[in-house]
Amino acid sequence: MAKPNPLQEQLLKAGLAKKSKVAEVARAQDKARHAKGSKDPDDIRREAERVREEKVARDRALAAEAKAKAQAAELKAQARQIIKDKKLPPAGDSEYRFSANGAIRTILVNDELRRKLSAGQLVIARLDDRYVLLPRAAGDKVRERHASLIVLDHGLPAGTQADAPSSEDDAYYARFKVPDDLIW
């Protein structure tokens with residue numbers, strides 16, 4: 001006869017269980033503990049295969065995520081390197097103001113650089129906590145790799161800029177005369 005566990009013995013002493021029922025449960029537990037081949041080998045094999053497939057799928061997803069992060073970091077590093085290599089040296093004493101990240105920023109330019117900025121031949125890019133001027137070709141390469149590093153580009157086609165004014169705004173502001181010598 002199988003030996004009852006301490007809980008079963010306590011239940012017997014308290015009179016909450018019958019001796020025959022405790023013996024039956026103890027035999028069933030002993031049989032289950034020592035049973036050989038209680039599961040079908042095909043079930044075990046299928047379960048192991050399912051667990052292996054889940055692990056492979058999870059590993060594949062983690063690898064894809066890590067690869068995407070590494071590729072994004074590589075593109076940002078390439079964009080930063082292009083900015084460092086192609087930036088124009090600071091020249092001029094006239095201030096050119098633009099908005100970036102909700103604040104008005106200033107960069108020093110001369111008249112030639114101001115004309116090129118207005119015409120879209122130059123763009124302003126962010127490099128760490130500074131802003132630098134880039135030629136249009138370099139700006140396009142940076143935009144392909146990491147668009148958020150380009151802060152100002154007047155050469156974009158109409159409608160591609162997020163803050164493009166609406167036709168109602170154009171009609172309203174057309175009533176006001178802007179001085180020719182205004183430098184903002």
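See the structure printed just above.
So, a few notes on the structure that sits alongside this text.

## Quick notes on the overall build of the protein
Here comes step 1: Within the protein, the regular secondary structure consists of six helices and five strands.
Here comes step 2: Ordered by position from the N terminus, the helices and strands of the protein form the series α-α-α-β-β-α-β-β-α-β-α.
Here comes step 3: The buried share of the protein, reckoned over its 184 residues, is 18%.
Here comes step 4: In the protein, 48% of the contacts between residues at least 6 apart in sequence involve partners at least 24 apart.
Here comes step 5: Carbon and sulfur atoms form 53% of the exposed surface of the protein, whose accessible area is close to 14,100 Å².

## A short note on the packing of helix α3 (residues 41-86) against helix α5 (residues 136-145)
Here comes step 1: The N-to-C vectors of α3 and α5 enclose an angle of 165°; their axes lie 8 Å apart at closest approach. One way to sum up the angle between α3 and α5 is to call them roughly antiparallel. For α3 against α5, the interelement crossing comes out left-handed. In this structure, α3 contributes Leu75, Gln78, Ala79, Ile82, Ile83 and Lys86 to the contact, and α5 contributes Ala138, Lys141, Val142 and Arg145.
Here comes step 2: Of the residues in the contact of α3 with α5, the class split is six nonpolar, one polar and three charged.

## A closer look at the pattern of salt bridges
Here comes step 1: Per the counting criterion, the structure on display carries 15 salt bridges.
Here comes step 2: Residue Arg46 pairs with Asp43 through a salt bridge whose shortest N-O separation is 3.0 Å. Taken together, the positions of Arg46 and Asp43, both in helix α3 and three residues apart, correspond to about one turn of that helix.
Here comes step 3: Taking the shortest distance from any N to any O, the salt bridge between Asp153 and Arg143 comes out at 2.9 Å.

## Looking at helix α4 (residues 111-119)
Turn by turn, an α-helix covers 3.6 residues, leaving residues three or four places apart pointing in a common direction.
Here comes step 1: Those residues of α4 not exposed but buried are Leu113, Arg114 and Leu117. One side of α4 holds all its buried residues, which, seen down the axis, span an arc of 100°. Of the exposed residues in α4, the ones pointing more than 90 degrees away from its buried face are Asp111, Arg115 and Ala119.
Here comes step 2: Where α4 is buried, its residues meet β1 (94-100), β2 (103-109), β3 (122-127) and β4 (130-135).
Here comes step 3: The opening residue of α4, the one whose side-chain oxygen lies 3.3 Å from the backbone nitrogen of Glu112, is Asn110.

## A few points about the pairing of β4
Here comes step 1: Bridging between β3 and β4 involves six bridges; their strand directions are antiparallel. Note that in β4 the partner of Arg126 across the bridge is Tyr131.

Conventions used here
- Residues numbered from 1 in each chain as written.
- Predicted model: local features only at pLDDT ≥ 70, side-chain atom pairs only at ≥ 80, totals over all residues.
- Heavy atoms only, no water.
- Helix = DSSP H or I, 4+ residues; strand = E, 2+ residues; numbered from the N terminus.
- Buried < 20%, exposed > 50% of the residue type's maximum accessible area, 1.4 Å probe, protein only.
- Contact = heavy atoms within 4.5 Å.
- Areas by Shrake-Rupley, 256 points an atom, 1.4 Å probe, with all protein chains shown as cover.
- Axes fitted to C-alpha atoms, helices over the stretch in contact; angles between N-to-C directions.
- Parallel < 35°, antiparallel > 145°, perpendicular 65-115°, else oblique.
- Left-handed = near helix turned anticlockwise from the far one by under 90°.
- Nonpolar A, V, L, I, M, F, W, Y, C, P; charged D, E, K, R; others polar.
- Salt bridge = Lys/Arg side-chain N within 4 Å of Asp/Glu carboxyl O.
- Arc of directions from axis to C-beta.
- Polar contact = N/O pair within 3.5 Å; in protein donor to acceptor, adjacent residues only side chain to side chain.
- Pairing = 2+ DSSP bridges.

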